[in-house]
Structure formats: structure tokens, C-alpha cells
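Understanding the architecture of this molecule
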Amino acid sequence: MRHRLLAVAAGVIAAHLPSHLVAQTVRFAALGAYGTYQEATTSREWRGAGYGGSAEVVGRKLRLEGAVTRFTMASVAGPLSGLSSMHVLTWDARAGLGLGSSFWLEAGGGRLTADPKLAAQDMGFVRVGLLSESRFSRNADVWARAAYLPVTRYSGGGSARMAVELGFGIHLGLGSGRFHVRAAYQFQRMDRTVRGRDVPIQTTSARLGIGAGF
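Before going into details, it helps to say that this report is about the structure given with it.

Rules of the game
- Residues numbered from 1 in each chain as written.
- Predicted model: local features only at pLDDT ≥ 70, side-chain atom pairs only at ≥ 80, totals over all residues.
- Heavy atoms only, no water.
- Phe/Tyr/Trp six-rings, centres within 6.5 Å; stacked < 30°, edge-to-face > 60°.
- Helix = DSSP H or I, 4+ residues; strand = E, 2+ residues; numbered from the N terminus.
- Buried < 20%, exposed > 50% of the residue type's maximum accessible area, 1.4 Å probe, protein only.
- Lys NZ or Arg CZ within 6 Å of the ring centre and 35° of its normal.
- Contact = heavy atoms within 4.5 Å.
- Polar contact = N/O pair within 3.5 Å; in protein donor to acceptor, adjacent residues only side chain to side chain.

Focus: the packing of aromatic side chains
Within this structure, the stated rule accounts for 1 aromatic pair. Each ring, one from phenylalanine 168 and one from tyrosine 185, has its centre 5.5 Å from the other, and the planes form 35°; the classification is tilted. Here phenylalanine 168, found in strand β8 (residues 159-174), pairs with tyrosine 185, found in strand β9 (residues 179-194); they are 17 residues apart in sequence, far enough to count as distant. Since its relative accessible area comes to 31%, tyrosine 185 is described here as partly exposed. Positioned above the aromatic ring of tryptophan 143 is the side chain of arginine 145, whose terminal nitrogen or guanidinium carbon lies 5.0 Å from the ring centre.

Here it is, written out as C-alpha cells:
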């Protein structure tokens, strides 16, 4: 249901964009994913696979992106406080403003929630960053992005003195361009402190998407 709502929202936004920003490309994809969540030390590390969906609207000077992914993760060190697995739901949203033929200024937000809640931090954040995208071949684009997370919130309290996000990937168009494959990797590091104690959080995700566009 979340994936359908994401796709509908992207379509509605695209339909109401000003004429000089009208999208040249609209893409939807189903995602397979693998992610990790690490808190404080490797004794609190979780890993697992998941699935999700994404939508992307790209215009001449404006782009909108959104993705939702659900992971089922297991504790690397065995059961923690009686828990051996958890479900993690993540969503990401970005809006980009074109700065030229290859660079975009981006802003957006994201959220991570865990079930059961005590297994990991429920957290939200705001991001500001830069995306670089280049044509690698006639049917392939490569991209890299970096962002600073100036606002972060955690269910267990605390704050992050420094929080950053890095990502890179490749987009492959197939045939007429209506079908595509997209691979992406994302890394986040939040130097969280709670009552003067360092409790950093680190997450990674690798996603492979197969979809269609117009």
C-alpha cells in the first residue's frame, strides 16, 4: 500500500509542475535490498534483506525522488535482550534543483523505524547535499551524492554532533528506455551522543531495482 501511495503521489506532483519544469522522465521501480544497522559497537549489529519500491520524477531543473524499503534483520551477535530479529522500515524523500548539466542541489528527509521498538532507534533526519550525475554510455548513467544531516531525532534521545550520508550508483536503460535497472548503495554515519556518552549509529543499504518509465 505504501508503495502504491508513493507512485500516485509522484504522478500527481508531476502533473501539476509548472510548464518550464515539466518532467522529461518518470520512473517507478520494485526494489530488492540488503541493509545493516550498527549501534555503538559491533555487539549491536543487525543485518538482513528486504524489498520496497521507488519513484523518480526528473525535469529540466527539478527532480523528485522517493523510496520505501522494509528489511528483516537478524542480530549478528545472536539474541540481544531476547531479540534475535527485527523488522526495519525506511523511507527517503529528496527534491533536487539543477545547477547545470551534471549537478543538483538536494534537500529532503528520511525516517527509520524498528519493530519491536526496543530493538533499535526509531530516528528521523533532514538532509542537505549535492548530487552529481553523468552519462557513462548511451544507455547508462552513473551518479554519486553526499549530504549533511543537520537535524536528527532519536526515540532514545541524544543528538548528533556530526551526521553525514554518502551514496553512489548506476542507472541502465534497456531497449527503448521504458524499462530500466538501477543499482544503488547508501552509507550513513551519525555521531550520536547521549548524556555525554558516545553512541554512534551507522547504517548501510544496497538496493537493486527493476522498473519502467515514460
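Topic: the side chain of aspartate 122
One can find aspartate 122 in the loop between β5 (103-115) and β6 (123-137). Judged by relative accessible area, which is 10%, aspartate 122 ranks as buried. If we skip the residues at most four places from it in the chain, aspartate 122 touches Leu112, Thr113, Ala114, Lys117, Arg153, Tyr154 and Ser155.

Topic: the environment of glutamate 45
Here glutamate 45 shows up in strand β2 (residues 45-58). With 28 residues separating them in the primary sequence, glutamate 45 and methionine 73 have C-alpha atoms 9.4 Å apart. Contacts of glutamate 45, omitting those with residues within four sequence positions, involve Tyr37, Gln38, Ala74, Ser75, Val76 and Ala77. In this structure the side chain of glutamate 45 is engaged in a polar contact, spanning 2.9 Å, whose partner is the side chain of arginine 47.

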